[in-house]
Amino acid sequence: MTATAEKIPNHLLPAQHPILQTRTIEVLIEDLDPLMPLVDKHRANLVRMMASALPFASTDALGRPGLNRVQLEVHDEKSIMLMATDGHTAIALAVEFFELHGLGAGCVGLTRDSVVGFIKSKGYSPLAACDPSETFPWLRNVITPTDAPYAGVFAVNASYFARNSTAMSKLGYSKGRPMRIECGETNLSPILMTAHPLVMRDGPSVKLMTVTMPVRME
């Protein structure tokens, strides 16, 4: 075995995952008009992304207004991130376009109702921004997977895992495509699942990450 090969880890620990390493975006996007050229060019793929993310968003508009959304973050001239969570499961889609998308760096919450309309209209209904006072908990700030594996027994709500299958299907992964599963050192640590990057049809490359919180068995 060469020295180079010895330095290459056989898997990525959660703390090393490129999505979790992405920096926080704090600048608010107040005008959604610059988003329209991106929608016009990648309409079908953006519908698939929104459809994969929506099941992870909270449906409790009154009790959890900050989670009742799909969060859009623009990180650089080619990269965006879509995120959603209801506090039990979370999804992050790191999207890299092969051309400049023209959006300025920033973040905005997209209302659940507008995302539903966007999906149903196949991308022709406009996306609407949430009230900027409703903050969204950025994933790295609320999820702390640990590096050591846990070998004990824990329970997972089956419907939460089903969301992973739905997300992969909506994005266009082939049936039976596996996800890598990692968990922390205790039976209450989040379960991190990742899939191989997917190059969407005539579109960008997408890295899929989901998080599922275990359930107490006692």
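Residues numbered from 1 in each chain as written. Predicted model: local features only at pLDDT ≥ 70, side-chain atom pairs only at ≥ 80, totals over all residues. Heavy atoms only, no water.

Observations concerning helix α7 (residues 158-171)
Along an α-helix, a turn takes 3.6 residues, which lines up residues three or four apart on a common side.
Here comes step 1: The end-to-end C-alpha distance of α7 is 21 Å, a good match for the 20 Å that 14 residues give at a rise of 1.5 Å each.
Here comes step 2: All buried positions along α7 are accounted for by Tyr160, Arg163, Asn164, Ala167, Met168 and Leu171. Within α7, the buried residues cover an arc of 130° as seen down the axis, which keeps them to one side. With respect to the buried face of α7, the exposed residues turned more than 90 degrees away are Ala158 and Ser169.
Here comes step 3: One or two residues past the end of α7 sits Gly172, with phi positive at roughly 110°. (Helix = DSSP H or I, 4+ residues; strand = E, 2+ residues; numbered from the N terminus. Expected span 1.5 Å × (residues − 1). Buried < 20%, exposed > 50% of the residue type's maximum accessible area, 1.4 Å probe, protein only. Arc of directions from axis to C-beta.)

Focus on empty space enclosed by the protein
Here comes step 1: With the rule as written, the count across this model stands at 2 cavities of 30 Å³ or more.
Here comes step 2: Taken as a whole, the largest cavity spans an internal volume of roughly 60 Å³.
Here comes step 3: What lines the largest cavity is Leu35, Leu38, Val39, Leu46, Met50, Leu72, Ile80, Leu82, Leu103, Leu110, Phe118 and Leu127.
Here comes step 4: Elements supplying a minimum of two residues to the lining of the largest cavity: α3 (36-41), α4 (43-53) and β2 (79-85).
Here comes step 5: Class assignment for the residues of the lining of the largest cavity results in 12 nonpolar, no polar and no charged. (1 Å grid on protein atoms, 1.4 Å probe; cavity = no way out; pocket = protein on both sides within 12 Å on 5 of 7 lines; lining within 4 Å. Points joined across faces, edges and corners; volume = space filled by probe spheres on them. Nonpolar A, V, L, I, M, F, W, Y, C, P; charged D, E, K, R; others polar.)

Details of the packing of aromatic side chains
Here comes step 1: By the definition in use, this model includes 0 aromatic pairs.
Here comes step 2: The ring centre of Tyr124 lies 3.9 Å from the NZ or CZ of Arg43, which sits over that ring. (Phe/Tyr/Trp six-rings, centres within 6.5 Å; stacked < 30°, edge-to-face > 60°. Lys NZ or Arg CZ within 6 Å of the ring centre and 35° of its normal.)

Here's the deal with the nonpolar core
Here comes step 1: Of all hydrophobic cores here, the largest spans 42 residues; its most connected members are Met49, Leu93 and Leu208.
Here comes step 2: If one sorts the elements of this core by residue count, α4 sits on top with 5 residues.
Here comes step 3: Excluding residues within four positions of it along the chain, Met49 makes contact with Leu82, Leu93, Val95, Leu171, Met200, Pro204 and Val206.
Here comes step 4: One finds Ala92, Phe136, Met209 and Val211 within the second-largest nonpolar core, a separate group that totals 8 residues. (Core = buried A, V, L, I, M, F, W, Y, C linked by side-chain atoms within 4.5 Å. Contact = heavy atoms within 4.5 Å.)

Details of the pattern of salt bridges
Here comes step 1: Summed over all chains, the structure comprises 3 salt bridges.
Here comes step 2: For Asp40, the salt bridge identified is with Arg43, shortest N-O distance 2.7 Å.
Here comes step 3: Asp86 serves as the salt-bridge partner of Arg163, at 2.9 Å between the closest nitrogen and oxygen. With Arg163 in helix α7 and Asp86 in the loop between β2 and β3 (89-96), this residue pair connects regions lying 77 residues apart in the sequence.
Here comes step 4: On the basis of relative accessibility, which here comes to 18%, the residue Arg163 falls in the buried class. (Salt bridge = Lys/Arg side-chain N within 4 Å of Asp/Glu carboxyl O.)

Topic: the packing of α4 against α7
Here comes step 1: Two elements in contact, α4 and α7, have axes separated by 8 Å at closest approach and are oriented at 175°. One way to sum up the angle between α4 and α7 is to call them roughly antiparallel. Between α4 and α7, the residues in contact are Arg48, Met49, Ala51 and Ser52 and Ala167, Lys170 and Leu171, respectively.
Here comes step 2: Among the residues forming the contact of α4 with α7, the class breakdown is 4 nonpolar, 1 polar and 2 charged. (Axes fitted to C-alpha atoms, helices over the stretch in contact; angles between N-to-C directions. Parallel < 35°, antiparallel > 145°, perpendicular 65-115°, else oblique.)

What about α4?
Here comes step 1: Burial analysis of α4 places 10 of its 11 residues in the buried class, the great majority of the element.
Here comes step 2: Within α4 the residues assigned to the buried category are Arg43, Asn45, Leu46, Val47, Arg48, Met49, Met50, Ala51, Ser52 and Ala53.

Quick word on unusual backbone geometry
Here comes step 1: Phi at Lys122 takes a positive value of approximately 60°, unusual for a residue other than glycine.
Here comes step 2: Looking at where Lys122 falls in the secondary structure, it is placed in the loop between α5 (112-120) and α6 (139-142).
Here comes step 3: A residue is classified by how much of its surface remains accessible, and Lys122, at 63% relative accessible area, is exposed.
Here comes step 4: Within the chain, Asp202 stands out as a residue other than glycine whose phi angle is a positive 55°.

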